[in-house]
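A structural walkthrough
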Amino acid sequence: MFAKERQGKINEMIRKDKSVRVANLMKQFNVSIETIRRDLEYMEKQGYLTRVHGGAVLEEVNSRELTFTVRESKFLKEKQEIAKKAAEFVMEGQSIAMDVSTTNTEFAKELKKRFNRLTILTNSMTIAHELSDMQDYTIIFAGGIMRNQELCTVGELTENFISQFHIDIFFMSISGISVTKGLTDYGAGELQVKKKMIEIAQHRIVLADSSKFDIVSLLNVCPFDQVNRIITDSKINENVLEKYKANGIDIL
């Protein structure tokens, strides 16, 4: 088999499974490890894949974000599953930060079912409104410039306000998770809010449905060592899950 034909088949495999392993490719094509490494190196330079330890992954770069109302209806069951898992890390009376996201909105609904007394810091009007009927919740809304479509606040006023607090856990939403690029997202305003919430929190937990894995969004948020764990749904591909765990990333 010629190199171009083999590389074409590797490209088909990685688009189907989102990742490939060097050992499996060696067996399938009956070639040496050096041959497969050369193939993957060439394909990475051409932009077909990204090499990682033991293989390669497909990473799609998304530069556009769907509106809040469109995202709200997507992967709803997965977000509800994530919310239930995330609530297991919360204790009565704790202080929690949540940035704007449809996943965190579902998480807020779950918190209401389980806890009577919490302090919530958020820049999301939707989350603040969702929790406003909880008599013993302290809702701290970070004011600032409102992003109308997202119903959230951003900007220097919001960031300075957030900087005043010390929070037990920050539950962070994210748009892209990549072995090589870390955690990524879209809007620059929301990005700075996330960074401030990371700074003030003792623990940071990422909430992301399985569609966010092997995706690279427009802006870097932080590397994996700045968060304690990632919580996702049970539909995540086992090969994808093992790839991240093999790189020392704690995923529940």
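Let me sum up the structure you'll find in this document. Just so you know, these numbers come straight off a predicted model, no measurement behind them.

Thresholds, definitions, all that
- Residues numbered from 1 in each chain as written.
- Predicted model: local features only at pLDDT ≥ 70, side-chain atom pairs only at ≥ 80, totals over all residues.
- Heavy atoms only, no water.
- Core = buried A, V, L, I, M, F, W, Y, C linked by side-chain atoms within 4.5 Å.
- Buried < 20%, exposed > 50% of the residue type's maximum accessible area, 1.4 Å probe, protein only.
- Helix = DSSP H or I, 4+ residues; strand = E, 2+ residues; numbered from the N terminus.
- Salt bridge = Lys/Arg side-chain N within 4 Å of Asp/Glu carboxyl O.
- Pairing = 2+ DSSP bridges.
- Axes fitted to C-alpha atoms, helices over the stretch in contact; angles between N-to-C directions.
- Contact = heavy atoms within 4.5 Å.

Below, the discussion takes up the nonpolar core. Met172, Ile177, Leu183, Ile230 and Tyr244 are the most contacted members of the largest nonpolar core, which totals 34 residues. If you list the elements that add at least two residues to this core, you get strand 10 (167–173), helix 9 (188–200), strand 13 (201–207), strand 15 (219–222) and helix 10 (238–246). Broken down by element, the residue count for this core peaks at five residues, all from helix 9. Counting residues in hydrophobic clusters, the runner-up holds 22 residues, among them Ala87, Phe115, Ile169 and Phe171.

This part takes up the pattern of salt bridges. Per the counting criterion, the structure on display carries 17 salt bridges. Glutamate 81 is paired through a salt bridge with lysine 85; the nearest N and O atoms lie 3.6 Å apart. Of this pair, glutamate 81 and lysine 85 are both found in helix 5 (residues 76–87), four residues apart, which corresponds to roughly one turn of the helix. Overall, the relative accessible area of 23% leaves glutamate 81 in the partly exposed class.

Turning to the sheet that holds strand 6 (residues 119–122), a few remarks are in order. With parallel pairing, six strands are arranged side by side in an open sheet as 7-6-5-10-13-16. Two strands in the sheet have a free side with no partner beyond their single neighbour: strand 7 (138–141) and strand 16 (229–231). Between one strand axis and the next, the sheet turns by 25 degrees as a mean value, whatever way the strands run. Bridge analysis of strand 10 against strand 13 gives six bridges, and the strand direction is parallel. If you follow phenylalanine 170 over to strand 13, its bridge partner there is arginine 204. Across the sheet, helix 5 is in contact with strand 10, strand 13 and strand 16; its angle to strand 16 comes to roughly 140 degrees.

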